Amino acid sequence: MKFKEFLKDNIVYLDGGMGTLLQAAGLKPGEHPERWNITHPEEIIRIQAEYYSAGSNVVNTNTFGANLLKFEREELDEIIGAAIANARKAREISEGDHPKFVALDIGPSGRLLKPYGDFDFEEAVSLFAETVKIGIKYGVDLVTVETMNDSYETKAALLAVKENCDLPVIVTNAYGEDGKLMTGASPAAMVAMLEGMRADAIGVNCSLGPKALKGVVREYLKYASVPVVMKPNAGLPKVEDGRTVYDVFEDEFSDDLKEMIGEGLRVAGGCCGTTPEYIKMLAGKTSGMKPVAIVKKDNTLVSSYTHAVDFAEEPILIGERINPTGKKRFKQALKENDIGYILSEGISQQEKGVHILDVNVGLPEIDEKAMLKSSVSELQAIINLPLQIDTADAEAMEEALRVYNGKAMVNSVNGKEESMKAIFPLVAKYGGVVVALTLDENGIPETAEGRIKIAEKIVETASTYGIDKKDIVFDTLAMAISADASAAEATIGALSYIKNNLGCHTSLGVSNISFGLPNRDDINSTFFAMALEKGLSAAIMNPYSDAMMRTYYAYRALRGKDENCAEYIGFAENHRVDNVVIPAATRASESHGQGCACGACGGGNAAPDKGTCDTSSELQRAITKGLKAQAADLTDRILEREKPLDIVQNEIIPALDIVGKGFEQKTVYLPQLLMSAEAAKSAFERIKHAMLSEKEGSAASGCAVVIATVKGDIHDIGKNIVKLLLENYGFAVSDLGKDVEPEKIVDEVIRLHAPITGLSALMTTTVPAMEETIKQLKEKAPWCKVIVGGAVLTEEYADLIGADYYAKDAMTGVRIAEEIESTL
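Notes on the structure follow. Bear in mind the structure is a predicted one, so any value in this text is a computation, not a measurement.

**Things to note about the packing of aromatic side chains**
The description of an aromatic ring pair rests on the distance of the ring centres and on the angle between the ring planes. A full pass over the atoms with the stated rule returns nine aromatic pairs. Where phenylalanine 6 meets phenylalanine 101, the ring centres are 5.8 Å apart and the plane angle is 45°; that geometry is what we call tilted. With phenylalanine 6 in helix 1 (residues 3–9) and phenylalanine 101 in strand 3 (residues 101–106), this pair connects stretches of sequence that are 95 residues apart. Accessibility expressed as a relative area gives 6% for phenylalanine 6, which makes it buried. Ring geometry for tyrosine 552 and tyrosine 553: centres 5.2 Å apart, planes at 70°, overall edge-to-face. Comparing tyrosine 552 with tyrosine 553, the two get one shared label, buried. Counting every residue linked through ring pairs, the aromatic cluster contains Phe3, Phe6 and Phe101. In this structure, arginine 329 is placed above the aromatic ring of tyrosine 341, and the distance from its NZ or CZ to the ring centre is 4.3 Å.

Next comes the structure, spelled out in structure tokens:
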């Protein structure tokens, strides 16, 4: 039986933890567990056979960290070949006649992808592809991508699998206590992206115990139309008699997973701290349960790196301003490759309240493919809104979809065979919600009936590519009423039928309706209200138009989508000065392009007050928004009138504190924190240059901090984030890198007489190396305070291994360092 066939109608039992069992078998601190496939095959086979015998249907190969960053190509081939042979042998000698499958296990690279790190997306795809190719060569039944805490790296790994084999793939992510990935993605966002890319089963593993992950799993079950996976840890780790142990035992663990299987969970297993006994008890308690049928969900979802937008919840506003049509300044920006202007347009529209940004950079004089790819990459680095990729060039569309971190809107396809053949394969491969225009080889039908027929043809053709109608949003094409008095009725008639009878969501470029007429906002806003009432799901519109925004907020209030009319009241209050409504044309001309959100001038929503809105306020905004080039330029301007250290204390540090507090309060996510830090770094570089020329000394005025990822661990994402933030707060950081011997860390602390050391570890197998490093530091550098962090650590665990402080995230590490420094 093939795995896909078995998955369809059965509860699937996975294996459990491997690292803690290898430690018990003698794996030394810092030793690579993957090498045990060759040096200790009997131990790997024994553990895997015990999982199969306990009831596991799927056992992962011992290849979690097997990639070219860790091993040379020849050794990597040998390790993966041996790992697969071991798993097959374990299957062969195990007990039980239940279906048994071997999965190639792929874990994270340990590198943070650009723009937040230094690892290119395509490099990540290539890295994972090499592991997949070797696995396919030696023969596995499926692929498991697991423990990913970044949506972008998850996409790279899944893409590598899909491009190099046709095997089933299970994808699971590691969520924090806040129910988000490290880089901010919600469960709904991951469902949107992974299901769009056609993963066969999706869900969660590692990080937390089963109780803490139930909420995340329930969100998966709400949105997913594919089997959902749950593979939690055995609770939280602690050290007893020098061994890592966990606080959730077999009985409680199996009860929790049994509850979730009753709610629809279809694939269950364990991660860190679990053993074959956990799987045996789980399988025993649930063996008689009938699996809950998987129900196809009809949610139309697009997503960014943080969240999903569901078209069923309320009318969606799509900002139209990133488009050169009729915009002289925007065309100039494209010709000059002025990405900063494009980013400012995106930020301004986000501040106006749009849910999605349309991105169109089509101009004959430029390389659209390169510009679109660059614009998408830069926009998603600093803005957490989903993007609508808008181009008639299929090659440009693929370039942009490939690098997009989420599930994009694809604008557009139409009823022409040529268009559908070009666009539908891209949507099938990369995922997406495609905007479908109701026109074909004969043009745009004048009647609603003609447009409906085209829509039905598009739905039917899309299904042959495996694209469900929930992933099609129809644009029934608003045409100018100045040329055809019945144009609005035809558009709305088709829209109403498609929404209410065909069951698809709809979108319109609203402003087309008023072309050639005076006072266009009046026509546009009234047409917008008519369309909303007939079922319009989304509007591509100008968010600087007060008339359009008034209609939107009023409609939501009237339709009961605005509790206590709070948002309508807020909008109305913000658009009055001394009880006089500001004319829309005045506000649009004054605020558009100002790009100011200093707080003194209302965030760019009204004309700036020249007495309070200065470049200092703009610098804080540039840093908080992650605008690197703008932050550097503004710093140069402020340096003409202020001292460098004054700018650091009065502008840069306060801006970082704003973002840092947002991160601590879970209103800002890691990518935004990192891009703000990068913007601050750009400003700091200008400050340093000025200080050197004035001989004021170094901008790194804080104490020395030594940081490292401990021996045996190549995962340095968290450590690199901490380094960036500490440097921005003025600390003098000595970064020793990853896989660092305890002795090297101690020597550096002594050399610098550093009062602070930061140690990082991701894997349970490397925590003993962290403990040894702390022991040596206490003996040879007793003045140094040790801060530890990493996915496998808790405060209790940190106390047990002798650390002075535990940092749950990067900002906590900064706050602790500030506290220590204040006592020196």
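Next, the rest of the story.
**Thoughts on the environment of glutamine 649**
By the secondary structure assignment, glutamine 649 is in helix 25 (residues 644–664). Put simply, glutamine 649 and tyrosine 729 are 80 residues apart on the chain and 9.9 Å apart in space, counted from C-alpha to C-alpha.

**Quick notes on the packing of helix 4 (residues 41–54) against helix 11 (residues 276–286)**
At a closest axis distance of 8 Å, the pairing of helix 4 and helix 11 adopts a crossing angle of 10°. If you check the angle between helix 4 and helix 11, you find them roughly parallel. Contacts between helix 4 and helix 11 involve Glu50, Tyr51 and Ala54 from the first element and Pro276, Ile279, Lys280 and Ala283 from the second. Residue classes in the contact of helix 4 with helix 11 are distributed as five nonpolar, no polar and two charged.

**Some details on the sheet that holds strand 24 (residues 732–735)**
Spatial strand order, 24-23-25-26-27: five strands in an open sheet with parallel pairing. The open sheet has two edge strands, strand 24 and strand 27 (805–806), and neither has a second partner. Bridging between strand 26 (residues 785–789) and strand 27 involves two bridges; their strand directions are parallel. Note on strand 27: the bridge partner recorded for isoleucine 787 is tyrosine 805.

**Brief notes about the pairing of strand 20 (residues 538–541)**
Looking along a regular strand, one sees side chains alternate from face to face of the sheet. Residues of strand 20 alternate between two faces, with Ala538 and Ile540 on one and Ala539 and Met541 on the opposite face, all of them buried. Bridging between strand 13 (residues 316–322) and strand 20 involves four bridges; their strand directions are parallel. Bridge assignment links isoleucine 318 to a residue of strand 20, and that residue is isoleucine 540. Strand direction decides the pairing type here: strand 19 (residues 505–509) and strand 20, joined by three bridges, are parallel. Paired with serine 507 across the bridge in strand 20 is alanine 538. For the segment spanning strand 19, helix 19 (residues 520–533) and strand 20, crossover handedness is right-handed.

**Focus on empty space enclosed by the protein**
What the rule picks out here adds up to four cavities of 30 Å³ or more. Estimates place the volume of the second largest cavity at around 50 Å³. Taken together, Lys114, Pro115, Tyr116, Tyr152, Tyr305, Ser377, Gln380, Ala381 and Asn405 make up the full set of residues lining the second largest cavity. Tallying contributions element by element places helix 14 (residues 368–382) first for the lining of the second largest cavity, with three residues. Classifying every residue of the lining of the second largest cavity by side-chain character gives five nonpolar, three polar and one charged.

**With respect to the nonpolar core**
Counting 219 residues, the largest nonpolar core has Val143, Tyr220, Ile389, Phe474, Phe528 and Ile652 as its most contacted members. Top contributing element to this core by residue count: helix 26 (residues 670–694), with 12 residues.

Definitions and cut-offs
- Residues numbered from 1 in each chain as written.
- Predicted model: local features only at pLDDT ≥ 70, side-chain atom pairs only at ≥ 80, totals over all residues.
- Heavy atoms only, no water.
- Phe/Tyr/Trp six-rings, centres within 6.5 Å; stacked < 30°, edge-to-face > 60°.
- Helix = DSSP H or I, 4+ residues; strand = E, 2+ residues; numbered from the N terminus.
- Buried < 20%, exposed > 50% of the residue type's maximum accessible area, 1.4 Å probe, protein only.
- Lys NZ or Arg CZ within 6 Å of the ring centre and 35° of its normal.
- Axes fitted to C-alpha atoms, helices over the stretch in contact; angles between N-to-C directions.
- Parallel < 35°, antiparallel > 145°, perpendicular 65-115°, else oblique.
- Contact = heavy atoms within 4.5 Å.
- Nonpolar A, V, L, I, M, F, W, Y, C, P; charged D, E, K, R; others polar.
- Pairing = 2+ DSSP bridges.
- Right-handed = clockwise from strand over helix to strand, strands pointing away.
- 1 Å grid on protein atoms, 1.4 Å probe; cavity = no way out; pocket = protein on both sides within 12 Å on 5 of 7 lines; lining within 4 Å.
- Points joined across faces, edges and corners; volume = space filled by probe spheres on them.
- Core = buried A, V, L, I, M, F, W, Y, C linked by side-chain atoms within 4.5 Å.

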